[in-house]
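# Structural description and commentary
Read off the chains here:
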Amino acid sequence: MNLLKQLISFIYPLKIKTIPSERSGALEVTLVNGKLVIDSENANYSYGSLQRVLKKGLSYIGKQKLKQLNSILILGVAGGSVIQTLRKDFKLHTKITGVEIDADVIELANTYFQLYKTPNLELITEDAFKYIRLTKHTYDLIIIDVFNDTQMPSELFEDTFWEATSNLLNDKGLCLFNTLYSTQKELDRNNKLKALLTTLFNNVESLKTNQINEIILVHK
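Residues numbered from 1 in each chain as written. Predicted model: local features only at pLDDT ≥ 70, side-chain atom pairs only at ≥ 80, totals over all residues. Heavy atoms only, no water.

## Considering the overall build of the chain
Assigned secondary structure in the chain consists of 8 helices and 11 strands. Expected size for 220 residues packed as a compact globule is a radius of gyration near 17 Å; at 17 Å, the chain falls within 12% of this value. In the chain, which comprises 220 residues, the share counted as buried stands at 51%. In the chain, of all internal contacts separated by at least 6 residues, the share reaching a separation of at least 24 is 66%. In the structure as shown, the chain presents an accessible area of about 11300 Å², 50% of it carried by carbon and sulfur atoms. Distance from the positive charge centre (26 side chains) to the negative charge centre (24 side chains) of the chain: 8 Å. (Helix = DSSP H or I, 4+ residues; strand = E, 2+ residues; numbered from the N terminus. Rg over C-alpha atoms; globule rule 2.2 N^0.38 Å. Buried < 20%, exposed > 50% of the residue type's maximum accessible area, 1.4 Å probe, protein only. Contact = heavy atoms within 4.5 Å. Areas by Shrake-Rupley, 256 points an atom, 1.4 Å probe, with all protein chains shown as cover. Lys, Arg positive; Asp, Glu negative; His and termini not counted. Charge placed at Lys NZ, Arg CZ, Asp CG, Glu CD.)

Below, the structure written as structure tokens:
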């Protein structure tokens, strides 16, 4: 990366690339404070605030427990920042399966962040809801980070989705679900979901990571 551009980016963000995405609208690669991020029109998709939110959730689980995992499923890969967090910050070599419906954001991730070079990673371009219905694999940790800009699909809050998710978790498996709540309606939605999850899992925890993100962590 050009050193002058990196220095300028500490003063104001520099747009490096903008592409249209059929699924996500306009996607931008921006240089901010010397680092590249991927943003949609209204939200950070990777390598910015989102990466910090998910890292906080993973830190809550703890490095020791994460080291014991044999398989990880990520629903909603975007630019792959959570994969980078798992590999670099937590030093995990665990097999990771990433499912992402938007091929355009994967193209950006491969071009600007070399996601394709990540060892022991399988990337699948597929709808997350379809994948969990059809896959025969099970996992020790499932990370759910599915958004369309700032919107969360309603399927994420339905009984059938969580019943299928439970079936994909191995015994004593964990699921980390990143949610947004900026209105009372969304807060009520999250609270209703947590009540449902207590009927499906042994333990349900909530972690507020900033003003609008709530991580819901369930233990099978």
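And the narrative resumes.
## Let's talk about the pattern of salt bridges
Applying the stated criterion across every chain yields a total of 5 salt bridges. Here K95 makes a salt bridge to E122, at a shortest N to O gap of 3.7 Å. Linking K95 in strand 6 (residues 95-100) with E122 in strand 7 (residues 121-125), this pair joins segments that are 27 residues apart in sequence. A salt bridge links E214 to K208; the shortest N-O distance between them is 3.5 Å. Given a relative accessible area of 42%, K208 falls into the partly exposed group. (Salt bridge = Lys/Arg side-chain N within 4 Å of Asp/Glu carboxyl O.)

## A word on a nonpolar patch on the surface
Together, F10, I11 and Y12 line one region of the surface with nonpolar side chains, adding up to about 390 Å² of accessible area. Relative to the helices and strands, Y12 is located in the loop between helix 1 (3-8) and strand 1 (14-21). Residue class for Y12 comes out partly exposed when judged on its relative accessible area of 46%. (Patch = residues over 30% accessible without salt bridge, like charges linked within 9 Å, V, L, I, M, F, W, Y side chains within 5 Å.)

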